[in-house]
Amino acid sequence: MTAAVALLAVLALLVGLPGTAYAVPTGRAPEPTHPEQDWAGSQIARHEGTAAGLAPPPGPLPLAASVEGVDVSSHNGNVAWSTLWNNGARFAYVKATESTSYTNPYFTQQYNGSYQTGMIRGAYHFATPDTSSGAAQATYFADHGGGWSKDGRTLPGALDMEYNPYGATCYGKSPTGLVNWMKDWFATYKARTGRDAVLYTSTNWWKQCTGNSSAFGKINPLWVPRYGSSAGELPGGWDFHTLWQYTSSGPTVGDHNRFNGSYDRLKALANG
């Protein structure tokens with residue numbers, strides 16, 4: 001190949017002569033559509049599947065009194081709140097933060113949109129106990145959407161403790177280490193907001209990673225995921241669940257929940 005021909009070949013790659021396929025180097029891989037890899041329950045179906053192989057319960061609510069709700073994060077994008085309201089959803093939990101570096105880019109649309117539609121709403125934090133202290137993450141959460149006000153329509157914040165999507169299932173911590181990390185998080189959150197936060201966790205993960213600790217059952221309301229016909233066995237320390245995430249494949253947003261009580265009791269939880 002002569003020098004002139006070689007130069008033409010290089011120019012073709014740079015400017016794209018007709019019929020020439022080329023790619024412009026960017027120095028990094030393309031950004032995924034939704035860079036977020038985790039949300040409340042994102043790891044549950046992956047690790048636990050649907051309970052007993054059962055489909056989510058259709059039709060009438062299985063509880064004597066319950067309220068339908070949803071939870072969302074950035075992987076849901078802009079949410080059709082009016083559609084959810086018209087289909088019976090009356091509360092929503094919205095992912096606000098993760099670790100001390102991530103905030104949900106759709107948080108405003110999701111948090112304010114659910115409220116404006118008439119729903120009772122709350123925010124949650126996806127915990128990564130191997131990246132920073134419980135206090136640091138609770139502070140970050142409270143500063144970035146996880147606060148609370150006694151307006152009758154805002155639920156206490158929630159801490160999402162589940163399988164690590166990035167590495168070791170229990171975040172490289174011992175049961176005692178994880179329990180102490182959560183105590184740090186809850187104490188800091190209460191000091192900032194005056195509220196005891198909700199705890200989201202699955203029974204299987206809780207047994208494996210905390211030794212089925214009973215340290216939080218008398219204080220923190222339980223939000224349990226189980227994709228089957230009932231909430232099933234609860235983690236150590238709880239006699240009943242407050243919220244049940246019963247499916248990850250419901251209409252409009254996927255993750256649907258039921259509050260274990262009447263609408264008046266849901267308002268009482270919001271009011272503190």
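Definitions and cut-offs
Residues numbered from 1 in each chain as written. Predicted model: local features only at pLDDT ≥ 70, side-chain atom pairs only at ≥ 80, totals over all residues. Heavy atoms only, no water. Disulfide = S-S within 2.5 Å. Helix = DSSP H or I, 4+ residues; strand = E, 2+ residues; numbered from the N terminus. Buried < 20%, exposed > 50% of the residue type's maximum accessible area, 1.4 Å probe, protein only. Axes fitted to C-alpha atoms, helices over the stretch in contact; angles between N-to-C directions. Parallel < 35°, antiparallel > 145°, perpendicular 65-115°, else oblique. Contact = heavy atoms within 4.5 Å. Nonpolar A, V, L, I, M, F, W, Y, C, P; charged D, E, K, R; others polar. Arc of directions from axis to C-beta. Phe/Tyr/Trp six-rings, centres within 6.5 Å; stacked < 30°, edge-to-face > 60°. Lys NZ or Arg CZ within 6 Å of the ring centre and 35° of its normal. Expected span 1.5 Å × (residues − 1). Core = buried A, V, L, I, M, F, W, Y, C linked by side-chain atoms within 4.5 Å. Pairing = 2+ DSSP bridges. pLDDT = per-residue confidence, 0-100. Salt bridge = Lys/Arg side-chain N within 4 Å of Asp/Glu carboxyl O.

Asks: Which residues make up the state of the cysteines, and what values go with them?
Replies: The bond known as a disulfide is covalent and runs between the sulfur atoms of two cysteines. For the structure shown, the criterion picks out one disulfide. Note on cysteine connectivity: Cys-170 is disulfide-linked to Cys-209, with sulfurs 2.0 Å apart. In this structure the cystine formed by Cys-170 and Cys-209 twists about its S-S bond by roughly -75°; its chirality is therefore left-handed. Note that Cys-170 is positioned in the loop between strand E5 (158-160) and helix H6 (175-193) and Cys-209 in helix H7 (residues 203-210), a separation of 39 residues in sequence. Taken individually, Cys-170 and Cys-209 each receive the classification buried, so the pair is uniform in this respect.

Asks: Report on the packing of H6 against H7, specifying residues and quantitative values.
Replies: Across the interface, H6 lies against H7 with an axial gap of 7 Å and an inter-helix angle of 115°. Judged by the inter-axis angle, H6 sits roughly perpendicular to H7. Touching Pro-175, Leu-178, Val-179 and Met-182 of H6 are Trp-205, Trp-206, Cys-209 and Thr-210, all from H7. Taken together, the residues of the contact of H6 with H7 sort by class into seven nonpolar, one polar and no charged.

Asks: Break down helix H8 (residues 263-271) for me, citing the residues and quoting the values.
Replies: Taken together, the buried positions of H8 are Leu-266, Leu-269 and Ala-270. Here the buried residues of H8 occupy an arc of 100° about the axis, which is enough to place them on one side. Relative to its buried face, H8 has exposed residues pointing more than 90 degrees away, namely Asp-264 and Arg-265. In this fold, the buried residues of H8 make contact with strand E1 (67-72), strand E2 (91-98), strand E4 (120-126) and strand E9 (254-259). Just downstream of H8, Gly-272 is the residue with a positive phi angle, here 75°.

Asks: I'd like a description of the packing of aromatic side chains, backed by residues and values.
Replies: Where two aromatic rings form a pair, the distance of their centres and the angle of their planes describe that pair. In total, this model carries 13 aromatic pairs according to the counting rule given. Aromatic pair Tyr-124 and Trp-223: ring centres 6.1 Å apart, planes at 90°, arrangement edge-to-face. You can see Tyr-124 sitting in strand E4 and its partner Trp-223 sitting in strand E7 (residues 222-225), a full 99 residues away along the chain. Accessibility assignment for this pair places Tyr-124 and Trp-223 in one class, buried. Each member of the aromatic cluster is reached from another via a ring pair, and the members are Phe-141, Trp-185, Phe-186, Tyr-189, Trp-205, Trp-206, Phe-216 and Trp-238. It is Arg-90 that lies over the ring of Trp-85; its NZ or CZ is 3.6 Å from the centre. The ring of Tyr-111 carries the charged tip of Arg-121 above its face, separated from the ring centre by 3.8 Å.

Asks: So, H6: which residues are in play, and what are the values?
Replies: The end-to-end C-alpha distance of H6 is 27 Å, a good match for the 27 Å that 19 residues give at a rise of 1.5 Å each. Where the residues of H6 are buried, they touch E4, helix H5 (134-143), E5, strand E6 (198-200) and H7. Immediately beyond the C-terminal end of H6, within one or two residues, lies Gly-194, with a positive phi of roughly 85°.

Asks: An account of the nonpolar core is requested, with residue identities and associated values reported.
Replies: Side chains of nonpolar character tend, in soluble globular proteins, to be buried together. Core analysis: the largest hydrophobic core is formed by 43 residues, its most contacted members being Leu-159, Met-161, Met-182 and Trp-185. Sequence-distant contacts of Trp-185, that is, excluding residues within four places in its chain, are made with His-125, Gly-134, Ala-135, Gln-137, Ala-138, Phe-141, Ala-158, Leu-159 and Ala-197. Counting 16 residues, the second largest nonpolar core, distinct from the first, contains Val-67, Tyr-93, Phe-259 and Leu-269.

Asks: Any chance you could break down the pairing of strand E8 (residues 243-250) for me, citing the residues and the numbers?
Replies: With six of eight residues buried, E8 is to be regarded as a mostly interior element. When E7 meets E8, the two strands line up parallel, connected through three bridges. If you follow Trp-223 over to E8, its bridge partner there is Leu-243. The hairpin turn running from E8 into E9, its antiparallel successor, is three residues long, and Thr-252 in that turn takes a positive phi close to 75°.

Asks: Account for the confidence of the model for the chain, naming residues and giving values.
Replies: Per-residue confidence for the chain gives a mean pLDDT of 84; residues scoring 70 or more make up 76%. Taken as a whole, residues 1-35 scores under 50 in pLDDT and shows ten contacts with residues more than four places along the chain or in a different chain. Under a pLDDT of 50 for its full length, residues 50-63 has, in the predicted model, 26 contacts with residues more than four places off or in other chains.

Asks: Please give an account of the pattern of salt bridges that cites residues and values.
Replies: Close approach of charged atoms allows side chains with opposite charge to pair. Considering all chains together, one arrives at six salt bridges under this definition. For Lys-95, the salt bridge is made with Glu-98, and the minimal N-O distance between the two is 2.8 Å. Given a relative accessible area of 0%, Lys-95 falls into the buried group. Taking the relative accessible area as the measure of exposure, Glu-98 reaches 7% and is therefore buried.

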